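Each chain, written out:
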Amino acid sequence: MRIIKKQLKPCIMMAPTPVAMVSCGDYEHANIITVAWAGVACSQPPKLYISVRPERYSYELIKASGEFVVNLTPQHLTAAADFCGFRSGRQVDKFAEMKLTKVHGKAVSCPLIGECPVNIECKVSNIVPLGCHDMFIANVVAVHVDSSIMTEQGRVDLEAAKLISAQHGEYYGTGKHLGRLGFAVQKKFIRKNGKGTDVDMQHATLTKRKPPKTKKPNTDGQQTVAQSDKQDKK
Ligand SMILES: Cc1cc2nc3c(=O)[nH]c(=O)nc-3n(C[C@H](O)[C@H](O)[C@H](O)COP(=O)(O)O)c2cc1C
C-alpha cells in the first residue's frame, strides 16, 4: 500500500471528543456550559480537565467557586447540550429553559444535572492559561451513576448510557462495540484472527461480552439521586 499524506497547518484535529454538560455556580443560580475540550488528566489521584474561554459566563463562576460538575451527555439530551453550548447563562437560566432537574451534589455546592446518567463532582486544583482557553485541572471528589445503568453485578454499563461525542462540528452517538481492551494480545484471538493490521475487524471473532443484566428500577426503598432531590424540593 502506498501511503500518501497531506500536510495541514497546526490545528486541533483531535477527534472524537466528549460532549460534557458542565454545571457550575451555586445551587440557586446554577449554570450549564457545554464543553468538548475536556478529558482525563490523571487516574490516581483521579483528575480531569476542562478548557474554558475566559469570556464565558461559566468561566467566572468556576473561577470564583473552584467547583464544577461534569455531566456526561446521553443521546436524548443532544438538543439540550447544543442549546447550552450556544446560549449564555448571562441571559438565560439554562436549567429552567431546558427543563433539567437540579440534584444536590455531595461535595460541591453546584447542582448535578439529574437527567445525565453520570455526574462527576470536581474541585479545581490548577488553572493553566494556555491561550484562548484556560485549562481547569480538577480533582474528582464524588461520582454519581444512575441506577438504570448499573448491572446486577454492580458494574457501570456505559453502553446503556448511550453517550454522545463530537467530531469537527458534528454530534455522534456511540458506535458499535469492537472489542474489550487487550483483545488483540490474547493468544486465542491471535490464533483465530491474526495480529494488528492483519485483523479483519468486520469479521473478527471477538470475545463476546455477556449482556449485562441491568438492575430493575428501585423497588426496595433505595432512592435515586433525582428522587431524593425532588423530595428535598418539596
Ligand atoms: C459541542 C460544543 C462544545 C463546546 N466546547 C467548549 C469548550 O470546550 N470550551 C469553551 O470555552 N466553550 C465551549 N463551547 C461553547 C460554550 O458552550 C458556549 O459559549 C456557551 O454558550 C457558554 O455559556 P456560558 O456563557 O453560560 O458559560 C462549546 C459549545 C458546543 C456546542
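Because the structure is a prediction, the values reported are computed rather than measured.

1. Details of the confidence of the model for the chain
Here's step 1: Put simply, the chain has an average pLDDT of 91, and 87% of its residues get 70 or more.
Here's step 2: In the model of the chain, helix 6 (residues 225–233) stands out as the element of lowest mean pLDDT, 39, in contrast to strand 6 (residues 67–72), which has the highest, 99.
Here's step 3: This model gives residues 219–234 a pLDDT under 50, and the stretch forms 17 contacts once residues within four places in sequence are excluded.

2. A closer look at the environment of Y172
Here's step 1: In this structure, Y172 sits in strand 12 (residues 170–173).
Here's step 2: Here Y172 falls in the partly exposed class, since 14 other C-beta atoms lie within 10 Å of it.
Here's step 3: Among residues more than four places away in sequence, those in contact with Y172 are P16, I164, S165 and Q167.

3. Structural notes on the sheet that holds strand 6
Here's step 1: One open sheet accounts for 7 strands, arranged 3-2-6-9-10-5-4; its pairing is antiparallel. In this open sheet, the two strands that pair with only one neighbour each are strand 3 (31–35) and strand 4 (38–42). When the angles between neighbouring strand axes are averaged without regard to direction, this sheet yields 35°.
Here's step 2: Its contacts with the sheet put helix 1 (residues 57–65) on strand 2 (20–24), strand 3, strand 5 (47–52), strand 6, strand 9 (118–129) and strand 10 (134–145), and the angle it makes with strand 2 is roughly 55°.

4. Concerning helix 1
Here's step 1: Three or more residues of helix 1 are buried, namely S58, L61 and I62. Angular distribution of buried residues about the axis of helix 1 spans 95°; they occupy a single face of the element.
Here's step 2: Those residues of helix 1 that are buried lie in contact with strand 2, strand 3, strand 5, strand 6, strand 9 and strand 10.
Here's step 3: Just downstream of helix 1, G66 is the residue with a positive phi angle, here 70°.

5. Quick look at the pairing of strand 12
Here's step 1: The pairing of strand 11 (residues 164–167) with strand 12 spans 4 bridges and is classified as antiparallel. Paired with Q167 across the two strands is E170, which belongs to strand 12.

The rules behind these values
- Residues numbered from 1 in each chain as written.
- Predicted model: local features only at pLDDT ≥ 70, side-chain atom pairs only at ≥ 80, totals over all residues.
- pLDDT = per-residue confidence, 0-100.
- Helix = DSSP H or I, 4+ residues; strand = E, 2+ residues; numbered from the N terminus.
- Contact = placed C-beta atoms within 7 Å.
- Buried ≥ 20, exposed ≤ 12 C-beta atoms within 10 Å, placed from the backbone.
- Pairing = 2+ DSSP bridges.
- Axes fitted to C-alpha atoms, helices over the stretch in contact; angles between N-to-C directions.
- Arc of directions from axis to C-beta.

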